[in-house]
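Spelled out from the first residue to the last, the chains are:
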Amino acid sequence: MNAPELSRMIRPKPLPGGTVEVIASEAERAALARRFGITAVERLVARLDLGEDSKAVSATGTLEADLVQPCAVSGEDFPVAVREDIALRFVPASGTPAEPDIEIELADEDLDEIEYEGEMFDLGEAVAQSLALAIDPYAEGPNADAARKAAGIVSDDAPRGAMADALAALKKG
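Sequence order as written defines the numbering, with residues in each chain counted from 1. Totals for whole chains, interfaces and linings use every residue, but because this is a predicted model, local features are given only for residues with pLDDT of at least 70 and side-chain atom pairs only at 80 or more, for both listing and counting. Side-chain calculation: all heavy atoms of the structure are included, whereas hydrogens and water are not.

(A) Layout of the packing of aromatic side chains. Only the six-membered ring of Trp is used, alongside the rings of Phe and Tyr, when aromatic pairs are assigned; centres must lie within 6.5 Å, and planes under 30 degrees apart are stacked while those over 60 apart are edge-to-face, with the rest tilted. In this structure the tally under the stated criterion is two aromatic pairs. The interplanar angle of 55° and the centroid separation of 5.6 Å between the aromatic rings of Y116 and F121 together place this pair among those described as tilted. Each member of the pair, Y116 together with F121, is buried. Each member of the aromatic cluster is reached from another via a ring pair, and the members are F90, Y116 and F121. Here's how the labels work: a residue is buried when its accessible area is under 20% of the maximum for its type, exposed when over 50%, partly exposed in between, all with a 1.4 Å probe on protein chains only.

(B) Region of interest: the sheet that holds strand β2 (residues 19-23). For two strands to be treated as a pair, DSSP must find at least two bridges joining them. The helix and strand labels rest on DSSP assignments: H or I over at least four residues marks a helix, E over at least two residues marks a strand, and numbering proceeds from the N terminus. What the five strands build is an open sheet, ordered β2-β3-β4-β5-β6; its pairing is mixed. Two strands bound the open sheet, and with one partner strand each, they are β2 and β6 (112-116). When the angles between neighbouring strand axes are averaged without regard to direction, this sheet yields 30°. Bridge count for β2 against strand β3 (residues 40-52) is five bridges, and the pairing is antiparallel. Residue pairing in the sheet places T19 in a bridge with D49 of β3. The criterion used for residue contact is that any of the two residues' heavy atoms lie within 4.5 Å. To obtain each axis, a line is fitted to C-alpha atoms, and for helices this fit is confined to the stretch in contact; angles are then taken between N-to-C directions over 0 to 180 degrees. Taken strand by strand, helix α1 (residues 26-36) contacts β2 and β3, and its axis lies near 100° from that of β3.

(C) Layout of the environment of L48. On the secondary structure map, L48 appears in strand β3. In sequence terms L48 and V20 are 28 residues apart; their C-alpha atoms lie 5.2 Å from each other. Beyond its immediate chain neighbours, meaning those up to four positions away, L48 contacts G18, T19, V20, T60, G61, T62, I86, L123 and V127.

(D) Here's a closer look at the pairing of strand β4 (residues 57-70). Sheet topology note: the β3/β4 ladder contains 12 bridges and is antiparallel. Across the sheet, A46 pairs through a bridge with L63, a residue of β4. Joining the antiparallel neighbours β3 and β4 is a turn of four residues. Linking β4 to strand β5 (residues 77-92), which pair antiparallel, is a turn of six residues; within it G75 sits at a positive phi near 85°.

(E) Seen up close, the nonpolar core. The biggest cluster of nonpolar side chains holds 32 residues, and the ones touching the most others in it are L44, F90, L123 and L131. Only β2, α1, β3, β4, β5 and α2 (123-134) provide two or more residues apiece to this core. Those residues within four positions of L131 in sequence are excluded, and the remaining contacts are F36, L44, L63, A65, L67 and V82. What we call a nonpolar core is a set of buried Ala, Val, Leu, Ile, Met, Phe, Trp, Tyr and Cys residues that are connected through their side-chain atoms within 4.5 Å.

Here is the structure:
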């Protein structure tokens, strides 16, 4: 297994005091951009407060990133700012394999749970995964409408072309 691109190992006992910052280096940002299939991660900062109870460590705070990604329509690169709240809970692995077909519904106030093995958990990888979930794979840049128009696409909902014309004729007939 490859090492994570952004790794910040945290020992749950004792927890670091205050707010923990995860700031990705230039090399880490470049590796994350490759992993996520985007042009660049220009800035990535997460500020998290860690808390503990008898069974888990919670991490709550914010993730901020400045990205460059290709437009889903035109393919042209454009800047994207990501600002996300993070609410995670790190729990020691139970040793019992999870049942893969069980779907758990979480309420908005519930934290996403991440199991870890050993004496430390990886806060950096959790931040990277949170960023991955925040990236819109179908983001449209400022020139998306012009690219659609140049390609003759009037509407995403309206089929066009010879096949669409033939289907329309069948419906009328």
